[in-house]
Amino acid sequence: MKKNLENNIDMIIKNIGKLAGIVPEGVLRKEGAAQGETGVLENAWLSIEDGRIAAFGPMSSCPSERSEESLDARGGMLMPGFCDSHTHVVYAGSRDGEFLDKIRGLSYEQIAARGGGILNSSDLLNRSSEDSLYEQSMARVSEVMAKGTTSLEIKSGYGLNAEGELKMLRVIRRIRESVPAIVKSTFLGAHAIGRGYTHEEYVRTVIGMLPEAAKLADFVDVFCDEGFFTTDDTARILEAAAPYGLRPKIHANELALSGGVQVGVAHGALSVDHLERTTEAEIEALKGSETMPTMLPGSSFFLGIPFAEARKFIDAGLGIALASDYNPGSSPSGDMRFVMALGCIRMRLTPTEALNAVTLNGAYAMGLSSECGSITRGKRADLILTEPGWTLTKLPYLYQTAFIRSVYFA
Ligand code: NIG
Ligand code: FE
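Keep in mind that what you see is a predicted model, and the values were worked out from it rather than measured. (Residues numbered from 1 in each chain as written. Chains lettered and ligands numbered in written order. Predicted model: local features only at pLDDT ≥ 70, side-chain atom pairs only at ≥ 80, totals over all residues. Heavy atoms only, no water.)

Undergrad: Account for the packing of aromatic side chains, with residues named and values stated.
TA: For the structure shown, the criterion picks out seven aromatic pairs. With centroids separated by 5.4 Å and ring planes inclined at 80°, the aromatic side chains of phenylalanine 301 and phenylalanine 338 adopt a geometry described as edge-to-face. Taken together, the positions of phenylalanine 301 in helix H10 (residues 297-303) and phenylalanine 338 in helix H12 (residues 336-347) put the pair 37 residues apart, joining distant regions of the chain. Here a set of aromatic residues connected by ring pairs shows up, and it is made of Tyr197, Tyr202 and Phe229. Positioned above the aromatic ring of phenylalanine 219 is the side chain of lysine 249, whose terminal nitrogen or guanidinium carbon lies 6.0 Å from the ring centre. The residue whose ring lies beneath arginine 377 is phenylalanine 56, and the NZ or CZ to ring-centre distance is 4.6 Å. (Phe/Tyr/Trp six-rings, centres within 6.5 Å; stacked < 30°, edge-to-face > 60°. Helix = DSSP H or I, 4+ residues; strand = E, 2+ residues; numbered from the N terminus. Lys NZ or Arg CZ within 6 Å of the ring centre and 35° of its normal.)

Undergrad: Quick one: what's the story with the coordination of the iron ion (ligand 2), residue by residue and with numbers?
TA: Summarising the metal site, the iron ion (ligand 2) is bound by the protein donors His86 (NE2), His88 (NE2), His251 (NE2) and Asp325 (OD), whose distances to it range over 2.1 to 2.3 Å. Here the donor residues of the iron ion (ligand 2) are spaced in sequence according to H-x1-H-x162-H-x73-D. Here aspartate 325 lies in the loop between strand S14 (321-322) and H12 and histidine 86 lies in the loop between strand S7 (82-84) and helix H1 (96-103), a separation of 239 residues in the sequence. Across the pair, exposure class does not vary: histidine 86 and aspartate 325 are buried alike. (Donors = N, O, S within 2.8 Å, 3.2 Å for Na, K, Ca; no water. Buried < 20%, exposed > 50% of the residue type's maximum accessible area, 1.4 Å probe, protein only.)

Undergrad: How would you sum up a nonpolar patch on the surface? Please name residues and give values.
TA: There is a patch of nonpolar side chains on the surface, built from Phe99, Leu100 and Ile103 and spanning about 300 Å² of accessible area. Considering the arrangement of structural elements, one finds isoleucine 103 in helix H1. On the basis of relative accessible area, isoleucine 103 is assigned to the exposed category, the value being 59%. (Patch = residues over 30% accessible without salt bridge, like charges linked within 9 Å, V, L, I, M, F, W, Y side chains within 5 Å. Areas by Shrake-Rupley, 256 points an atom, 1.4 Å probe, with all protein chains shown as cover. Salt bridge = Lys/Arg side-chain N within 4 Å of Asp/Glu carboxyl O.)

Undergrad: Please set out the site of ligand 1 residue by residue, giving values where relevant.
TA: Not every one of the 15 residues close to ligand 1 is listed here, only the nearest: Tyr108, Tyr158, His191, Glu254 and Ser330. A distance of 2.8 Å is found between a nitrogen atom of ligand 1 and a side-chain nitrogen or oxygen belonging to histidine 191. The separation between an oxygen atom of ligand 1 and a polar side-chain atom of histidine 251 is 3.0 Å. Isolated, ligand 1 exposes 320 Å² of accessible area, and the fraction of that covered by the protein chains is 100%. Per-class residue counts for the shell around ligand 1 are four nonpolar, eight polar and three charged. (Near = heavy atom within 4 Å. Polar contact = N/O pair within 3.5 Å; in protein donor to acceptor, adjacent residues only side chain to side chain. Nonpolar A, V, L, I, M, F, W, Y, C, P; charged D, E, K, R; others polar.)

Undergrad: Run through the packing of helix H4 (residues 130-146) against helix H5 (residues 162-178), naming residues and quoting values.
TA: Between H4 and H5, whose axes approach to 10 Å, the crossing angle comes to 50°. If you check the angle between H4 and H5, you find them oblique. Along this stretch, H4 crosses H5, giving a crossing that reads as right-handed. Contacts from Glu130, Asp131, Leu133, Tyr134, Ser137, Met138 and Val141 in H4 reach Lys167, Met168, Arg170, Val171, Arg174, Ile175 and Ser178 in H5. (Axes fitted to C-alpha atoms, helices over the stretch in contact; angles between N-to-C directions. Parallel < 35°, antiparallel > 145°, perpendicular 65-115°, else oblique. Left-handed = near helix turned anticlockwise from the far one by under 90°. Contact = heavy atoms within 4.5 Å.)

Undergrad: How would you sum up unusual backbone geometry? Please name residues and give values.
TA: Of note in this structure, asparagine 15 is not a glycine but carries a positive phi near 55°. Along the chain, asparagine 15 turns up in strand S2 (residues 11-22). A positive phi angle is found at aspartate 50, which is not glycine, with a value near 50°. If you trace the backbone, aspartate 50 turns up in the loop between strand S3 (39-49) and strand S4 (52-58).

Undergrad: Give me the lowdown on the sheet that holds strand S10 (residues 219-224), citing residues and values where you can.
TA: In spatial order, the strands read S7-S8-S9-S10-S11-S12-S13-S14; together these eight strands make up an open sheet with parallel pairing. Looking at the sheet topology across the chains shown, the edges are occupied by S7 and S14. Bridge analysis of strand S12 (residues 271-274) against strand S13 (residues 292-295) gives three bridges, and the strand direction is parallel. Bridging across to S13, serine 271 finds its partner in methionine 292. The strands touched by H5 within the sheet are strand S8 (149-155) and strand S9 (182-190), with S9 carrying the most contacts at an inclination of about 175°. (Pairing = 2+ DSSP bridges.)

Undergrad: A description of the environment of glycine 51 should follow, citing residues and the corresponding values.
TA: Among the structural elements, glycine 51 can be located in the loop between S3 and S4. Taking C-alpha positions, glycine 51 is 38 Å from glutamate 239, a pair spaced 188 residues apart along the chain.

Undergrad: Give me the pattern of salt bridges: which residues, what numbers.
TA: Within this structure, the stated rule accounts for 21 salt bridges. Across the salt bridge formed by aspartate 221 and lysine 155, the nearest N and O atoms sit 2.8 Å from each other. Of this pair, aspartate 221 sits in strand S10 while lysine 155 sits in strand S8; the two residues are 66 residues apart in sequence, bridging distant segments of the chain. The same class applies to aspartate 221 and to lysine 155, which are both buried. For lysine 287, the salt bridge is made with glutamate 284, and the minimal N-O distance between the two is 3.0 Å. Since its relative accessible area comes to 38%, lysine 287 is described here as partly exposed. Look at glutamate 284 and you get partly exposed, because its relative accessible area is 44%.

Undergrad: Describe H4, and please don't skip the residues or the numbers.
TA: Here H4 spans 24 Å end to end across 17 residues, near enough to the 24 Å set by a 1.5 Å rise per residue. Along H4, the residues that are buried comprise Leu133, Tyr134, Ser137, Met138, Arg140, Val141, Val144, Met145 and Ala146. Following H4 by one or two positions, glycine 148 has its phi on the positive side, about 105°. (Expected span 1.5 Å × (residues − 1).)

This is the structure in C-alpha cells:
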C-alpha cells in the first residue's frame, strides 16, 4: 500500500481551505442545472467516526477539546474520492503494438478486424494464470487508488469463453477483498464474439454462463454497437440476466447509433456508457428514466473519435457521469482528474459539473450513491485531501500538477 493511502480512524480534519462536494442527505444524483451546483464551505473542519463522515462546519464552530486524532489540512481542499463507474482494469499483457498501428493511422475497427483489439487481449488473458492476472491488475488498482479513486467498477470481457470469463470475475472478487476501495463487478461476456464461435453460438454461450457469473458479478454489460452485438442480442442477454438480479450497464453508441441507449433504458439499466454518437432520440429515451448517461472522454481522446455531447444532455435536464474506461485498447489511463480535465476542456463542463460527474453521479452509476460520492453526514469517509491552495477550478486547469496530499478510505 502506498504511503499516502490512509485508513480512517476517528479523527478531525481542521483548517480545510475548501470543503467541496457537500450534498444534502437523500440526493442520490445531480441532474440538469443541479449538476452545476455543489456545496463548498471555506475554512472548515470535518470529523470522521467509524469511517463515516460524522460532522463538519466552519472553523469558527470547530469543536476544541476532543479525544480524536487531529489533522491540520493547512488550507488544502477536502473533497469526495473519485467514483470510477466504468473500467476494464483486469487484463493481461499489453497492446502497445496496436498503439503503433494506431499511430500509423489504423482505426479501432481496423485494428480489431486484423485480429487485434479485444480478441488480442482475450488471447493474452486465456494464456495468463489467475495469479498473474491478479498481480498485473492489482498494480493498476493500486495506481488509481493513489490517484484518488476510492470506488470503482471492473468488468470481465476478455475471457470470451466460460473459463476465461469466470477467471476474470474471480480475480475481480479477489481484488475487492484486498483493497480498501469499494469494487463493483460487471459480467461483460458479450464484449466481442469469442474465438471459434459463430455469432449465434456465442450469444447462447453468454446466456449459458449467467448462472455461474451471477454468483460473482453485481451487474451485466453488453457491447451493443456496430460490428459487435445487436439490440436483439442485447435484449436476449438482459432478459436472461434479469432473474439473477443482474442490473444492466450497457456499452452503447460508441461506434454508431446502435440503439443501445434505448434497449438499455427499456431494461432498467443503471447506466448507458460511451454515447459518442447520439441524437435527440437518445436524450428523449433517457428523460424520466433511472439510467445514468455515462461518458468516457478518455477513449474519445485516445481513439480520436468525437466527444460525447455532455452539454446537450445537461441542458436537456439530464445528469451525466464521467468514467475512465481504463482498458488496454481505447483508454489506457485511469486518471480521474484527467477525465475531469477532458470533461471541462473538450466537453465544456464547468469544474463543478465535472466534479459531480466523477463523484456522486459516478457512485449512482454503480448503485453506491447512498454510501459514497459526496460530503454528506453518515456517508463513507472516502476522501481526497489536496495540498494547500487547490480549488475546484484549479483541478482540471492545472491538469498535470500533483495535487493529492492523502487519500482516505472508510
Ligand atoms: O469501452 N468499447 C468496448 N470496450 C472497451 C474497449 C476494450 C478494448 O479495446 O480492449 C471500451 O472502449
Ligand atoms: Fe468500456
